[in-house]
Amino acid sequence: MSYYGFEFTPVDTDIPGYEVIAEFGEWDYSWSTMRIYKRDSRLFYITDSGCSCYSWEDNPKTEGDLRELPDLNSARNAIKDLMGYDFEREQDTYLNAIEKFRELGLR
């Protein structure tokens, strides 16, 4: 059973001028999240993690924290980094996330 998921549920943006279009992550007692942003048809992301005592909002993000996702290969690497050791046993989740990035237009 995978705890990772890809959500297209809109959330309020925390960085002015950038639209939050999706999140990928694990949301359990310990959480790891990759938030995907869009601006001028370019994609960016920020990752954060913590435990149930903390949330995304507890560590304010800025434009300087954004990393661009220029292509599908960069998304693959970002997902692997976020998943860490779970990557090996969560191959279906990884492949699903790659497909979602294709849907977002990355090639």
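Residues numbered from 1 in each chain as written. Predicted model: local features only at pLDDT ≥ 70, side-chain atom pairs only at ≥ 80, totals over all residues. Heavy atoms only, no water.

## Focus: the overall build of the protein chain
Counting secondary structure elements, the protein chain contains two helices and five strands. Expected size for 107 residues packed as a compact globule is a radius of gyration near 13 Å; at 13 Å, the protein chain falls within 12% of this value. A total of 107 residues make up the protein chain; the buried ones form 43% of that total. Taking as baseline every contact in the protein chain between residues at least 6 positions apart, the subset at least 24 positions apart corresponds to 39%. (Helix = DSSP H or I, 4+ residues; strand = E, 2+ residues; numbered from the N terminus. Rg over C-alpha atoms; globule rule 2.2 N^0.38 Å. Buried < 20%, exposed > 50% of the residue type's maximum accessible area, 1.4 Å probe, protein only. Contact = heavy atoms within 4.5 Å.)

## Focus on the packing of aromatic side chains
Counting across every chain of the model gives six aromatic pairs. With 5.5 Å between their ring centres and 90 degrees between their planes, Tyr18 and Phe44 make a pair best called edge-to-face. Placement of Tyr18 in the loop between strand S1 (4–7) and strand S2 (19–27) and of Phe44 in strand S4 (residues 42–51) is noted, with a sequence separation of 26 residues between them. Accessibility classification places Tyr18 together with Phe44 in one group, the buried group. A centroid spacing of 4.8 Å and a plane angle of 90 degrees characterise the contact between Phe87 and Tyr94, whose relative ring orientation is edge-to-face. The exposure class of Phe87 is buried, given its relative accessible area of 14%. Within the aromatic cluster, the residues linked to one another by ring pairs are Tyr4, Phe6, Phe8, Phe24 and Phe101. Sitting over the face of the ring of Tyr18, Arg39 holds its NZ or CZ atom 4.9 Å from the ring centroid. (Phe/Tyr/Trp six-rings, centres within 6.5 Å; stacked < 30°, edge-to-face > 60°. Lys NZ or Arg CZ within 6 Å of the ring centre and 35° of its normal.)

## Thoughts on the environment of Asn77
Take Asn77: it is sitting in helix H1 (residues 72–83). Residue class for Asn77 comes out partly exposed when judged on its relative accessible area of 38%. With 24 residues separating them in the primary sequence, Asn77 and Cys53 have C-alpha atoms 28 Å apart.

## Focus: the confidence of the model for the protein chain
Considering every residue of the protein chain, the mean pLDDT works out to 91; 97% of them sit at 70 or more. Averaged pLDDT values over the elements of the protein chain bottom out at 87 in S1 and peak at 98 in strand S5 (residues 67–68). (pLDDT = per-residue confidence, 0-100.)

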